[in-house]
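Coordinate inspection notes
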Amino acid sequence: MVKNQIEMRGIKDKRVLRAMMRVPRHLFVPEEYRKRAYEDHPLPIGEGQTISQPYIVALMTSLLELKGDEKVLEIGTGSGYQAAILAELAGEVYSVERIPSLAIKAAETLEKLGYKNVHIKVGDGTLGWEENAPYDAIIVTAAAPKVPSSLIKQLKVGGRLVIPIGERFIQSLHRYIKGKDGNLKGEDFGGCVFVPLKGKEGWDH
């Protein structure tokens, strides 16, 4: 998976590649899909949600440019796989999931694997997790028409935010860096497909 799907497609960050090799992806998908866990596509995890394809997980993670001691906010815990990758690369990971059953299952899987630096709560991801702000990096695993204002406020100056932006079937992956003036400067990294971000500041209420 790492060599053929990720490294050959341009992901060069050695720390990200090592994390993708260490985390057992098959443990984050339902048993009926475990034989397909390392294939190059997303898989269902229940509740109408998916685990992203390995390449997209690696790409989004690499765009955060983590060095090892950062505080990271993840919006959309899902299976917990992305949180595990982040936990390998950052100091503390705070993850928000709106669906209780997914949050519980993810927390159980992460605990079994021994991750102590991931903190999960059930809530509206568009509002972030204010108590632990500001964050060095924020990653959003659902698509929105624009960046929720709460997430902009909770990002440190100089911090990086990775999020899919767009309509349901016309989306592109963006990375934003927060300037000293509080505004975001963005780059577009190409097309993607994610479930919609839901919440008070999302597009699908």
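Read on for a plain summary of the structure. Here, residues in each chain are numbered from 1, in the same order as that chain's written sequence. Totals for whole chains, interfaces and linings use all residues, but because this is a predicted model, local features are given only for residues with pLDDT of at least 70 and pairs of side-chain atoms are given and counted only at 80 or more. Only hydrogens and water are removed before side-chain values are computed, so all heavy atoms of the structure are retained for them.

1. Some thoughts on the nonpolar core
The definition of a nonpolar core used throughout is a set of buried Ala, Val, Leu, Ile, Met, Phe, Trp, Tyr and Cys residues joined through side-chain atoms within 4.5 Å. When a residue's accessible area, from a 1.4 Å probe over protein chains only, is under 20% of the maximum for its type it is buried; when over 50% it is exposed; and in between it is partly exposed. One finds Ile-11, Met-20, Leu-66, Tyr-81 and Ile-85 to be the most contacted residues of the largest nonpolar core, which totals 45 residues. Secondary structure is summarised from DSSP: a helix means a run of H or I of at least four residues, a strand means a run of E of at least two, and numbering begins at the N terminus for each. The element contributing the most residues to this core is helix α3 (residues 54-64), with 8 residues. Working rule for contacts: check all heavy atoms of both residues, and any pair within 4.5 Å makes them a contact. Non-local contacts of Leu-66, meaning those with residues more than four positions away in its chain, are made with Arg-15, Val-72, Leu-86, Leu-89, Ala-90 and Ala-137. Counting residues in each nonpolar core, the second largest holds 18 residues, with Leu-73, Ile-75, Tyr-94 and Ile-165 among its members.

2. Overview of the pairing of strand β9 (residues 184-192)
Here 7 bridges tie strand β8 (residues 171-178) to β9, and the two strands are oriented antiparallel to one another. Residue pairing for β9: Tyr-176 is matched across the bridge by Gly-186. Only strands joined by at least two bridges in the DSSP assignment are considered to pair. Between β8 and β9, which pair antiparallel and follow one another directly, the connecting turn spans 5 residues, one of which, Gly-182, has a positive phi of 85 degrees.

3. Here's the deal with the packing of helix α2 (residues 14-22) against helix α4 (residues 81-89)
Simply put, an axis is a line fit to the C-alpha atoms, just over the touching stretch for a helix, and the angle between two N-to-C directions goes from 0 to 180 degrees. Interhelical geometry of α2 versus α4 gives an angle of 130 degrees and a closest axis separation of 9 Å. The orientation of α2 with respect to α4, classified from their angle, is oblique. α4 is crossed by α2, and the crossing has right-handed handedness. Every residue of α4 that contacts α2 at Arg-15, Val-16, Ala-19, Met-20 and Arg-22 is listed here: Tyr-81, Ile-85, Glu-88 and Leu-89. Residues are grouped as follows: Ala, Val, Leu, Ile, Met, Phe, Trp, Tyr, Cys and Pro are nonpolar; Asp, Glu, Lys and Arg are charged; all remaining types, including Gly, are polar. Of the residues that constitute the contact of α2 with α4, the class distribution is 6 nonpolar, no polar and 3 charged. An angle counts as roughly parallel when it lies under 35 degrees, as roughly antiparallel when it exceeds 145, as roughly perpendicular when it falls between 65 and 115, and as oblique in every other case. Here a crossing is taken to be left-handed if its near helix is turned anticlockwise relative to the far helix by less than a right angle, and right-handed if that turn runs clockwise.

4. Thoughts on the side chain of Gln-154
Among the structural elements, Gln-154 can be located in helix α6 (residues 149-154). Contacts described as polar in this section are N or O atom pairs within 3.5 Å, which, within protein, must combine one atom able to donate a hydrogen with one able to accept it, while residues neighboring in sequence count only if both atoms come from side chains. A distance of 3.0 Å separates a polar side-chain atom of Gln-154 from the backbone oxygen of Leu-127. Filtering out sequence-adjacent residues up to four positions away, Gln-154 remains in contact with Leu-73, Leu-127, Gly-128, Trp-129, Glu-130, Ala-133, Pro-134, Tyr-135 and Ile-138.

5. Thoughts on the side chain of Thr-126
Mapping Thr-126 onto the fold places it in the loop between β5 (118-122) and β6 (135-140). Here Thr-126 falls in the buried class, since its relative accessible area comes to 0%. Among residues more than four places away in sequence, those in contact with Thr-126 are Pro-148, Ser-150, Leu-151, Leu-197, Lys-198, Gly-199, Lys-200, Glu-201 and Gly-202.

6. Comments concerning α2
For an α-helix the count is 3.6 residues per turn, leaving residues at separations of three or four pointing the same way. All of the buried residues along α2 are Val-16, Leu-17, Ala-19 and Met-20. All buried residues of α2 project into a common sector of 160 degrees when viewed along the axis, lining one side. The outward face of α2, more than 90 degrees from its buried face, is lined by the exposed residues Lys-14 and Met-21. Check the buried side of α2 and you find it contacts α1 (2-6), α3 and α4. Capping of α2 at its N-terminal end is provided by Asp-13; its side-chain oxygen lies 2.9 Å from the backbone amide nitrogen of Arg-15. This arc describes the spread of directions from the helix axis toward the C-beta atoms.

7. Concerning the sheet that holds strand β3 (residues 71-75)
Pairing is mixed across the open sheet formed by 7 strands, whose spatial order is β5-β4-β3-β6-β7-β8-β9. One side of each edge strand has no neighbouring strand; the edge strands of this open sheet are β5 and β9. Between one strand axis and the next, the sheet turns through 15 degrees on average, direction left out of account. In this structure, β3 lies alongside β6, joined through 4 bridges in parallel fashion. By the bridge assignment, Ile-75 is partnered in β6 with Val-140. Sheet strands touched by α3: β6, β7 (155-166), β8 and β9. Its angle to β7, the strand with the most contacts, is close to 155 degrees. Packing of helix α5 (residues 100-112) onto the sheet brings it into contact with β4 (92-97) and β5, and relative to β5 it is tilted by some 165 degrees.

8. Side note on the packing of aromatic side chains
In this scheme Phe, Tyr and Trp rings, the latter by its six-membered ring, pair at centre separations within 6.5 Å, and the angle between planes marks the pair as stacked below 30 degrees, edge-to-face above 60, and tilted otherwise. Overall, the coordinates contain 3 aromatic pairs when judged by the stated rule. Taking 5.7 Å as the distance between ring centres and 65 degrees as the angle between the ring planes, the aromatic pair formed by Phe-28 and Tyr-81 counts as edge-to-face. Residue Phe-28 is located in the loop between α2 and β1 (43-46), and its partner Tyr-81 is located in helix α4; the two are separated by 53 residues in the primary sequence. The exposure class of Phe-28 is buried, given its relative accessible area of 5%. For Tyr-81, a relative accessible area of 1% corresponds to the buried category. Where Tyr-94 meets Trp-129, the ring centres are 5.4 Å apart and the plane angle is 85 degrees; that geometry is what we call edge-to-face. In this pair, Tyr-94 sits in strand β4 while Trp-129 sits in the loop between β5 and β6, placing the two residues 35 residues apart along the sequence. Both residues of the pair, Tyr-94 and Trp-129, belong to the buried class. In this structure an aromatic cluster arises from ring pairing among Tyr-94, Trp-129 and Tyr-135.

Read these as spatial facts, not as claims about activity.
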